[in-house]
Amino acid sequence: DQQVKQNSPSLSVQEGRISILNCDYTNSMFDYFLWYKKYPAEGPTFLISISSIKDKNEDGRFTVFLNKSAKHLSLHIVPSQPGDSAVYFCAARILQEGAQKLVFGQGTRLTINP
Amino acid sequence: NAGVMQNPRHLVRRRGQEARLRCSPMKGHSHVYWYRQLPEEGLKFMVYLQKENIIDESGMPKERFSAEFPKEGPSILRIQQVVRGDSAAYFCASSPSGAGYTFGSGTRLTVV
């Protein structure tokens, strides 16, 4: 049961253009959504998050949009830079019986071409 | 201020041996989470622990896997009688209050 899905395993974007990474979820109980970035042989690092009561959060070149009715969120990176090349994971937070945990998508490998 | 420390970074075990993966959370963090990443897959939740307590182990396989977070020392993820399918990257994360995870660099387990 994949509650968080990233349907694009990979994405290739020209340097300077906009990168758009997508994520869909099924569970209405998720209260927070996060994006993590992962380089090879390293752990995921937190990038940006959004509460389920918001529809947009912006931090520099990174903006996350949330469409609750469609159960869809997206991460926009503009302008894209070569250092943005990494695997991006969408994650959703859920509270269950007093414990909270993150449910991750499969990841999207972003490649920024010079 | 050291981050989440995991060791070893790489671990090779023969089928049937035991694997012990260690995680030292960030200073002041009392919540520890273990995730597993199989090749070409996302991160799968395994277990959530606080000091001396297992809070949620719904992602742990029923057999051969166990986890602990003692009062003193690191959290340990233990896999007994490893099989080839256990080969994966195992990530530990910690947080001060159950939110705002910080991940370690992971342990890559290879079963030969």
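Scroll up a little and you will see the structure.
Residues numbered from 1 in each chain as written. Chains lettered and ligands numbered in written order. Predicted model: local features only at pLDDT ≥ 70, side-chain atom pairs only at ≥ 80, totals over all residues. Heavy atoms only, no water.

1. Notes on the sheet that holds strand E1 (residues 4-5) of chain A
All names here are of chain A.
Link 1 in the chain: Spatially, E1-E3-E8-E7-E6 is the arrangement adopted by the five strands of the open sheet, whose pairing is antiparallel. Either end of the sheet is taken by a strand with one partner, and the two such strands are E1 and strand E6 (56-59).
Link 2 in the chain: With six bridges connecting them, strand E3 (residues 19-25) and strand E8 (residues 72-77) associate as antiparallel partners. Its bridge partner lying in E8, Cys-23 is registered against Leu-73. (Pairing = 2+ DSSP bridges. Helix = DSSP H or I, 4+ residues; strand = E, 2+ residues; numbered from the N terminus.)

2. Observations concerning the state of the cysteines
In a disulfide, the sulfur atoms of two cysteines are held together by a covalent bond.
All names here are of chain A.
Link 1 in the chain: Tallied over the entire structure, the rule returns two disulfides over all chains.
Link 2 in the chain: Two residues share a disulfide in this structure: Cys-23 and Cys-90, whose sulfurs sit 2.0 Å from each other. Sign of the S-S torsion, about -70° for the bond between Cys-23 and Cys-90, identifies this disulfide as left-handed. Taken together, the residues span a long stretch of sequence, with Cys-23 in strand E3 and Cys-90 in strand E9 (residues 86-96) at a distance of 67 residues. (Disulfide = S-S within 2.5 Å.)

3. Things to note about the side chain of Ser-19 of chain A
All names here are of chain A.
Link 1 in the chain: Along the chain, Ser-19 falls in strand E3.
Link 2 in the chain: The exposure class assigned to Ser-19 is buried, which follows from its relative accessible area of 0%.
Link 3 in the chain: Separated by 2.6 Å, the side chains of Ser-19 and Ser-80 make a polar contact.
Link 4 in the chain: For Ser-19, the residues in contact, after removing those within four places along its chain, are Val-13, Leu-75, His-76, Ile-77, Ser-80, Leu-110 and Ile-112. (Buried < 20%, exposed > 50% of the residue type's maximum accessible area, 1.4 Å probe, protein only. Polar contact = N/O pair within 3.5 Å; in protein donor to acceptor, adjacent residues only side chain to side chain. Contact = heavy atoms within 4.5 Å.)

4. Points about the sheet that holds strand E1 (residues 5-7) of chain B
Within a sheet, neighbouring strands are paired by backbone hydrogen bonds and run either parallel or antiparallel to one another.
All names here are of chain B.
Link 1 in the chain: The strand order across the open sheet formed by four strands is E1-E3-E8-E7, and the pairing between neighbours is antiparallel. The sheet is open, and its two edges are formed by E1 and strand E7 (65-68), each paired on a single side. Each adjacent strand pair in this sheet contributes to an overall mean axis angle of 15°, direction not counted.
Link 2 in the chain: In this structure, E7 lies alongside strand E8 (residues 75-79), joined through four bridges in antiparallel fashion. Following the sheet pairing, Ser-66 is matched in E8 by Arg-78. (Axes fitted to C-alpha atoms, helices over the stretch in contact; angles between N-to-C directions.)

5. Here we look at the packing of aromatic side chains
Link 1 in the chain: On inspection of all chains with the given rule, the structure shows 15 aromatic pairs over all chains.
Link 2 in the chain: Between Tyr-25 of chain A and Phe-33 of chain A the ring centres are 4.6 Å apart and the planes differ by 40°, which places this aromatic pair in the tilted class.
Link 3 in the chain: Aromatic side chains Phe-104 of chain A and Tyr-35 of chain B sit 5.3 Å apart centroid to centroid with 85° between the ring planes, which places their arrangement in the edge-to-face category. Pair noted here: Phe-104 of chain A is in strand E10 (residues 99-104) and Tyr-35 of chain B is in strand E4 (residues 31-37), and the two residues belong to different chains.
Link 4 in the chain: Residue classification places Phe-104 of chain A among the buried positions, given a relative accessible area of 3%. (Phe/Tyr/Trp six-rings, centres within 6.5 Å; stacked < 30°, edge-to-face > 60°.)

6. Considering the layout of surface pockets
Link 1 in the chain: Here the largest pocket is characterised by a volume of approximately 500 Å³.
Link 2 in the chain: Lining the largest pocket are 25 residues, and of these Val-87 and Arg-109 of chain A together with Gln-37, Glu-40 and Glu-41 of chain B sit closest to its centre.
Link 3 in the chain: The set of elements that each furnish at least two residues to the lining of the largest pocket consists of E9 and strand E11 (108-113) of chain A together with strand E9 (88-95) and strand E11 (107-111) of chain B.
Link 4 in the chain: Grouping the amino acids of the lining of the largest pocket by side-chain chemistry returns 11 nonpolar, nine polar and five charged. (1 Å grid on protein atoms, 1.4 Å probe; cavity = no way out; pocket = protein on both sides within 12 Å on 5 of 7 lines; lining within 4 Å. Points joined across faces, edges and corners; volume = space filled by probe spheres on them. Nonpolar A, V, L, I, M, F, W, Y, C, P; charged D, E, K, R; others polar.)

7. Describing the nonpolar core
Link 1 in the chain: Counting residues in hydrophobic clusters, the biggest one holds 25 residues, and the most contacted among them are Val-4, Phe-30, Phe-33, Trp-35, Leu-73, Leu-75 and Tyr-88 of chain A.
Link 2 in the chain: Elements with a contribution of two residues or more to this core: E3, strand E4 (32-38), strand E5 (45-51), strand E7 (62-67), E8, E9 and E11 of chain A.
Link 3 in the chain: Ranked by the residues each element gives to this core, the list is headed by E9 of chain A, at five residues.
Link 4 in the chain: Once you skip the residues sitting within four places of it in the chain, Val-4 of chain A turns out to touch Cys-23, Asp-24, Tyr-25, Phe-30, Cys-90, Ala-92, Val-103, Phe-104, Gly-105 and Gln-106 of chain A.
Link 5 in the chain: Judged by nonpolar contacts, the second largest core, of 23 residues, contains Cys-23, Met-26, Val-32 and Ala-67 of chain B. (Core = buried A, V, L, I, M, F, W, Y, C linked by side-chain atoms within 4.5 Å.)

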